[in-house]
Structure formats: structure tokens, C-alpha cells
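Each chain is listed here by its residues.
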Amino acid sequence: MGVSKARTTWDSLRVRRGDSKDIAFQDLKPNVDTRTALPPSVPAPPYRHAAPSGPWPWMDFSKIDDTTVTTQDTTSIDESWRGYPRNLFGNWTPDQVGRSQMLMKCSKNQSSTIYWMDVLENGMFARANMGNGDTTTVTTANEDDFWDMLQGERPGNIRVRSLFVDDLTSPVLRMLGTRYNVEPFFFTSSINWIPSRYQEAPNHGEGDHITITLPFVRTLYKAPTSTLPLAPTSERSSLSSPAADTQINTQAPLLLRDGNMLFIDLLAIHMVRNVNANTIISYHPDSTWCQTSAKRLHSLMLLAGGSVYWQNIFSKTKDPTFLFLAVLWYALYAWDESFEFLYNHVSVLESGVLQDSHIEVTRELHVLQAHLLHYQSLLTHFRVSVSFIEKTPNPAMESEDLEQRKASRELLEKESENLLGEIERLEKRREMLSGRLRNSTDLAFATVNIEDSRQTRTLTEATVRDSAAMKQ
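Conventions and cut-offs
- Residues numbered from 1 in each chain as written.
- Predicted model: local features only at pLDDT ≥ 70, side-chain atom pairs only at ≥ 80, totals over all residues.
- Heavy atoms only, no water.
- Helix = DSSP H or I, 4+ residues; strand = E, 2+ residues; numbered from the N terminus.
- Buried < 20%, exposed > 50% of the residue type's maximum accessible area, 1.4 Å probe, protein only.
- Contact = heavy atoms within 4.5 Å.
- Areas by Shrake-Rupley, 256 points an atom, 1.4 Å probe, with all protein chains shown as cover.
- Phe/Tyr/Trp six-rings, centres within 6.5 Å; stacked < 30°, edge-to-face > 60°.
- Lys NZ or Arg CZ within 6 Å of the ring centre and 35° of its normal.
- Core = buried A, V, L, I, M, F, W, Y, C linked by side-chain atoms within 4.5 Å.
- Axes fitted to C-alpha atoms, helices over the stretch in contact; angles between N-to-C directions.
- Parallel < 35°, antiparallel > 145°, perpendicular 65-115°, else oblique.
- Left-handed = near helix turned anticlockwise from the far one by under 90°.
- Nonpolar A, V, L, I, M, F, W, Y, C, P; charged D, E, K, R; others polar.

Attention now moves to the overall build of the protein chain. For the protein chain, the count of helices and strands is twelve helices and nine strands. Each of the 472 residues in the protein chain was classed as buried or not, and the buried ones make up 51%. Considering only intrachain contacts with a sequence separation of at least 6, the fraction spanning at least 24 residues in the protein chain is 78%. For the protein chain, the accessible area works out to roughly 22,300 Å², and carbon and sulfur atoms hold 52% of it.

Below, the discussion takes up the packing of aromatic side chains. Going through the model one piece at a time under the given rule, you end up with 14 aromatic pairs. Centroid distance Tyr-84 to Phe-89: 6.4 Å. Interplanar angle 90°. Geometry classified as edge-to-face. Its relative accessible area of 1% is what places Tyr-84 among the buried residues. Residue classification places Phe-89 among the buried residues on the basis of a relative accessible area of 12%. Taken together, Tyr-84, Phe-89, Phe-186 and Phe-187 form an aromatic cluster joined through their ring pairs. Over the aromatic face of Tyr-343 sits the side chain of Arg-436, whose NZ or CZ is 4.8 Å from the ring centroid.

This next bit is on the nonpolar core. Membership of the largest hydrophobic core comes to 106 residues, with the highest contact counts inside it found for Leu-176, Leu-328, Trp-335, Leu-342 and Tyr-375. The dominant element in this core, judged by the number of residues it contributes, is helix H10 (residues 321-355), at 18 residues. Those residues in contact with Leu-328 that sit more than four places away from it in its chain are Leu-214, Leu-267, Phe-382, Val-386, Ile-389 and Leu-419. Leu-220, Leu-255, Met-261 and Cys-290 belong to the second largest nonpolar core, which has five residues in total.

To continue, consider the packing of helix H4 (residues 143-151) against helix H5 (residues 170-179). Between H4 and H5, the shortest axis-to-axis distance is 11 Å and the interhelical angle comes to 20°. As judged from the angle between their axes, H4 and H5 are roughly parallel. Seen from above, H4 lies across H5 with right-handed handedness. Counting all contacts with H4, which are made through Glu-143, Phe-146, Trp-147, Leu-150 and Gln-151, the residues of H5 involved are Pro-171, Val-172, Met-175, Leu-176, Thr-178 and Arg-179. For the contact of H4 with H5, a count of residues per class yields seven nonpolar, two polar and two charged.

Within the element layout of this structure, Ile-191 appears in helix H6 (residues 184-191). Residues Ile-191 and Thr-213, 22 residues apart in the sequence, show an inter-C-alpha distance of 9.8 Å. Beyond its immediate sequence surroundings of up to four residues, Ile-191 is in contact with Gln-101, Met-102, Lys-105, Cys-106, Leu-173 and Tyr-283.

Here's what the structure looks like:
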């Protein structure tokens, strides 16, 4: 079965608007031709550009010499929001901004949609009233209106204001970066899918900025209209590559035997923690292929606010960091569901090995093992991100009384440990699946060796008989 047949199989899995009411198929763009589009591979992340601690952000080392160091940049800087990032971060030259592609990758979007949510002082979650409901669409026609909206004073009963951003445009990126003094690394890490976590601008008794960019694995359910047989994983693991028969691309989606698909999604959260106002900015990549949209996460967080458990947490502490932890639970749910589907997939592959031990099945085992090894690194990023939240207390809480700080700290440690315990369970499950794959691979090779030995013995016996007959 060739790549063209595999591509036809993928086309049978296209998500069509109206085909399913499942939440996984929400918010697809109506102008996307889903008959021909394929889920893109996630780019391999350049980790060295992940955080502000790196002193040479997105520099081209091949072009740096003594002349470059001594040359002064005389380019004038626009001090308005249109001059971001250089209006706030002068070391970001146009060349570095261009190499990071943070503005270029946003240029294809014509408008940006922001979904607003507030956490009130009483711990309740509410849709923010921004004058026209809790949704704002920003185009070139109303850019200045949106800037004025960002500058507006908030009501005094708001503890945290959250902005979930779909289809980020260059003007919206510049306005958010300028208004909330956001390090460009947040946008470059998010747009380039670089796992990162860092704290910046900590001031005792006042506040700080914290950022987490976290790739994770989600399930895309098969379209209910799909009826064609599935191609082997060896033919669909990297359809975009001409060497699809030999190359294993762990950044690409993994199509399972039952027609469901595992793919890499992204959480990109920046939080401004301050004694006066707390803000969360959530960046969302292109949701054409069901990567988590701003609309979806906005809805899920409103539902989380209805949880009695989380209402109790927000009623006990003023620390906005707990909203960060609540968002990270979304990634855990996605991981857990993905491993449920992987468990069934591994069981099917084991049955194939027991039945025939074909080389195609063995390759499929190796492909899945490669993906599980990649998932191990993603789970490590998840665990380290939660530990980062636990070990990075909010400096603004220092202005609270000692009893409030102690209660909040103990609660943060407790909730972080709850999440870390769940991540450890996921890691153990991944290890179990990986072990089962190794066992199946060993069985496949052992079966082949036994069959080869049997054939060799039969051939030897026939040779001995022929030799004896010739001597007579």
C-alpha cells in the first residue's frame, strides 16, 4: 500500500463541520478545506531560545564578529505599542525579531478574537463584561479601540482577569506585550512550540511575571463517516516526507489502528502577578486541526469555576497562582485520555504479533516505541512545569498577613503535589506500555528465530538424506 493510499485513508478521517457534536471537533475554521489539509507536524524546538536567561536571543552566530559588536544600531524606536518589542526590550533588534518569526507567523491572521474571564474576589468565576459581552474581535479597523480597552481601569472586585487569544495578529501581540510588559520570549516560545518555564521581574511585596509553554498529547477522535481501512503506521507516520518508509517523525500525529489519532497540542500561559491587578494571557495556536482553541479553554475554565472543590480553594486564598494550576489540569486530562487509547492500540498490536509476526507489525511496534520515548520527554516537561509553579511563590503575597501567607503556601504545596502525583501515574503507565512493546518486539524476533531454526533443521535433515542416498 503506497503513500497515495495512506493519504486517501487520512482524507477519510477529515473533520467536517456538523459531522460530530463531540467537543474535539469544535471551533474549526469554516474556510479551511478539510478534504486536502493534513495535520501539520510540530516543529522541532530550539531550546536555547526558550527563556530570558539566554543572553543571545535568536542571534545568528555566523554573522557576529568584532565589527558587529562595535557597530551601534541607529534605527529609531517607535515608543508606542507599534514599536514592540524594541519599545520595551531594546536588545531585540529587527534581525532577531525576524529570526524568531514571532511577527511573521502572526501576519497571516486578519483578525484576532479574545475571550475574557474574571475571577472575582469572592472566588467565583465570571464572564468579563467588556462592553460587548465577553468576546472581542480585533481587526485593523478597531485596533485603537482595543488598545483603549486594555488601558481601561478594572472594577475593584476582580482578582484575576484572563485573556484567551485565538488567531493572534501582529497588532494584538504588540499591544498585549506593551500593555502588560511581556518578555518577547513568551511569544517566541509559544509560536515556535518551545517548552519553557521562567520567572521574570520579581519584586518583593509587589509581584512578578511567570510563563509556562507546555506541549502535551491529545486525542483527535475519528470522524464517524470514516469507513476505509487504515494504512499501516509505516505508511502514515510521516506522509509529508518522501522517505516515509524509513523515517519516523515523532513530532507528527500518530494514527491508531481504531482510526483515532494522537497529536501534540500546546498550553502557553503568561501570568502577571501583582498586588493591584493579576492578569493571565493564554496564547492558542491555529485551531484548524482541533488544537485547543481559546474558546474551548475559556469554556472549560468557566466550568472549573463551578467546581465546589476549586471554589473552596479560591475562597481560602487570594493567590492567583491557583488559576495557573487549574489550567494545567487540562493537559493532565488530555494525557490520561490519550493513554487509554494507546492501551487499546498496544493490545491490538500484541495480538498481531501472536498471530503472524509479520515485519510490518514489527515496524509498527518500533514506530510506537519512538513516540512513547518522545512522550517521556513531554511528560518530564509537564512534571518540571508543575514543580516550577510550586517552587516559585508569588512575591505579591508578601503583603498579606503571616497567617494568610502560610495557609496559601500550604495549599499551593498540597495542590501541586496532587498534580505531580497524577503525572507520576502517567509516567508509570507510559513505562508499562513501553515495556509491553519491548516484550512484543522480543516475541516477534524470537518467533522468527524459532521458525528460522526449524527451517534450518529441516534443510539439514534433507541434506543428510540426500548425501546418504548419493553414497549408496
